[in-house]
Amino acid sequence: MRKSVAIFGGSFDPPHISHVLAAVYALKVGGFAQVLVVPVFEHAFRKALSPFEHRVRLCELSFAGIEGVQVSTVERELATPSLTLRTLEHLSALHPDWALRLLVGSDVIGDTSKWHAFERIAALAPPYIVARPGYEHPDAGAALLPDVSSTRIREALARRSEPESEALLKSSVPSAVLAYISEYGLYRY
């Protein structure tokens, strides 16, 4: 029997509690044996990102201690820009014993028309959709994840001296991630 593995790709710039909860949800409710967190090396839409090594370390800190979740640097080894299809094909060839699914938030599904060969992606790793507030999808249940995004987290980091920004950060970002961000001076605008 093939091992059921959810591939959870993204910018993770920075990772936050909804990322962590989505991975745990996939393990516990989706029944996956493993969630492979894959930070994008170079965004396909040329989006500016924090350095890859920092985002990988932030993911490692975010998912530390969660059995069944592993952070992968596989996209560093592949051609750029990073493409989901290329990553999935590589992982499929490397691990023929894995049954792949693509773990995505319901907010991402609306943008798949912009992705390279999404129909091939869906055939190789059918999407496993986790609902996010404000982005209903028939294949996802009720929205269980907090309404937070990396964009909102970066904005709050830029305004960290404001009490409401600090409150959002403390309730939405793993403490080890916040400590790392402070230590390395990340997201200062």
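These lines cover the structure that appears in this document, whether it is placed above or below. Computed from a predicted structure; not experimentally measured.

Notes on the overall build of the chain
Right, so step 1: Scanning the chain from terminus to terminus reveals 9 helices and 5 strands.
Right, so step 2: Each helix (α) and strand (β) of the chain, taken in turn from the N terminus, gives the series β-α-β-α-β-α-α-β-α-α-β-α-α-α.
Right, so step 3: Rg of the C-alpha trace for the chain: 16 Å, near the compact-globule value of 16 Å for 189 residues, within the 12% margin.
Right, so step 4: Counting only C-alpha atoms and orienting by the principal axes, one finds that the chain spans roughly 50 × 35 × 35 Å.
Right, so step 5: Expressed as a percentage of its 189 residues, the buried residues of the chain come to 47%.
Right, so step 6: Within the chain, contacts between residues separated by at least 24 positions form 70% of all contacts whose residues are at least 6 apart in sequence.
Right, so step 7: Accessible area for the chain stands at about 9500 Å²; split by element, carbon and sulfur atoms hold 53% of it.
Right, so step 8: In the chain, which carries 19 positive and 20 negative side-chain charges, the distance between the mean positions of the two groups comes to 1 Å.

Describing helix H1 (residues 17-28)
Right, so step 1: Along its 12 residues, H1 runs 16 Å from first to last C-alpha, staying within 8% of the 16 Å computed at 1.5 Å per residue.
Right, so step 2: Listed in full, the buried residues belonging to H1 are Ser18, His19, Val20, Ala22, Ala23, Ala26 and Leu27.

Overview of helix H8 (residues 163-172)
Right, so step 1: Of all the positions in H8, only Ser165, Leu168, Leu169 and Ser172 are classed as buried. Viewed along the axis of H8, the buried residues span an arc of 95°, placing them on a single side of the element. Exposed side of H8, more than 90 degrees from the buried face: Pro163, Lys170 and Ser171 are the residues found there.
Right, so step 2: In this fold, the buried residues of H8 make contact with H1, helix H7 (150-158) and helix H9 (175-184).

Overview of the packing of aromatic side chains
Right, so step 1: Under the criterion given, the structure shown has 5 aromatic pairs.
Right, so step 2: For the ring pair Trp115 and Phe118, a centre distance of 5.4 Å and an interplane angle of 80° mean the geometry is edge-to-face. Just as Trp115 is buried, Phe118 falls in that class too.

Comments concerning the pairing of strand S4 (residues 98-105)
Right, so step 1: Most of S4 is tucked away: 6 of the 8 residues are buried.
Right, so step 2: The pairing of strand S1 (residues 3-10) with S4 spans 5 bridges and is classified as parallel. Opposite Val5, over in S4, you have Leu100 as the bridge partner.
Right, so step 3: The pairing of S4 with strand S5 (residues 127-130) spans 4 bridges and is parallel. Counterpart to Leu102 in the pairing with S5 is Pro127.

A closer look at the environment of Thr84
Right, so step 1: By the element assignment, Thr84 lies in helix H4 (residues 84-94).
Right, so step 2: When the C-alpha positions of Thr84 and Thr73 are compared, they lie 14 Å apart, and in sequence the two are 11 residues distant.
Right, so step 3: Among residues more than four places away in sequence, those in contact with Thr84 are Leu102, Trp115 and Ile121.

As for the pairing of strand S2 (residues 34-39)
Right, so step 1: Most of S2 sits inside the fold, with 6 of its 6 residues counted as buried.
Right, so step 2: Of the two faces of S2, both are covered, the one formed by Gln34, Leu36 and Val38 as well as the one formed by Val35, Val37 and Pro39.
Right, so step 3: Here S1 runs beside S2; their pairing, made up of 6 bridges, is parallel. Bridging from a neighbouring strand, Ile7 pairs with Leu36 of S2.
Right, so step 4: Note on the crossover from S1 through H1 to S2: the handedness is right-handed.
Right, so step 5: Of the crossover connections in this fold, the one passing from S2 over helix H2 (residues 52-63) to the parallel strand S3 (residues 69-71) is right-handed.

Cut-offs applied
Residues numbered from 1 in each chain as written. Predicted model: local features only at pLDDT ≥ 70, side-chain atom pairs only at ≥ 80, totals over all residues. Heavy atoms only, no water. Helix = DSSP H or I, 4+ residues; strand = E, 2+ residues; numbered from the N terminus. Rg over C-alpha atoms; globule rule 2.2 N^0.38 Å. Buried < 20%, exposed > 50% of the residue type's maximum accessible area, 1.4 Å probe, protein only. Contact = heavy atoms within 4.5 Å. Areas by Shrake-Rupley, 256 points an atom, 1.4 Å probe, with all protein chains shown as cover. Lys, Arg positive; Asp, Glu negative; His and termini not counted. Charge placed at Lys NZ, Arg CZ, Asp CG, Glu CD. Expected span 1.5 Å × (residues − 1). Arc of directions from axis to C-beta. Phe/Tyr/Trp six-rings, centres within 6.5 Å; stacked < 30°, edge-to-face > 60°. Pairing = 2+ DSSP bridges. Right-handed = clockwise from strand over helix to strand, strands pointing away.

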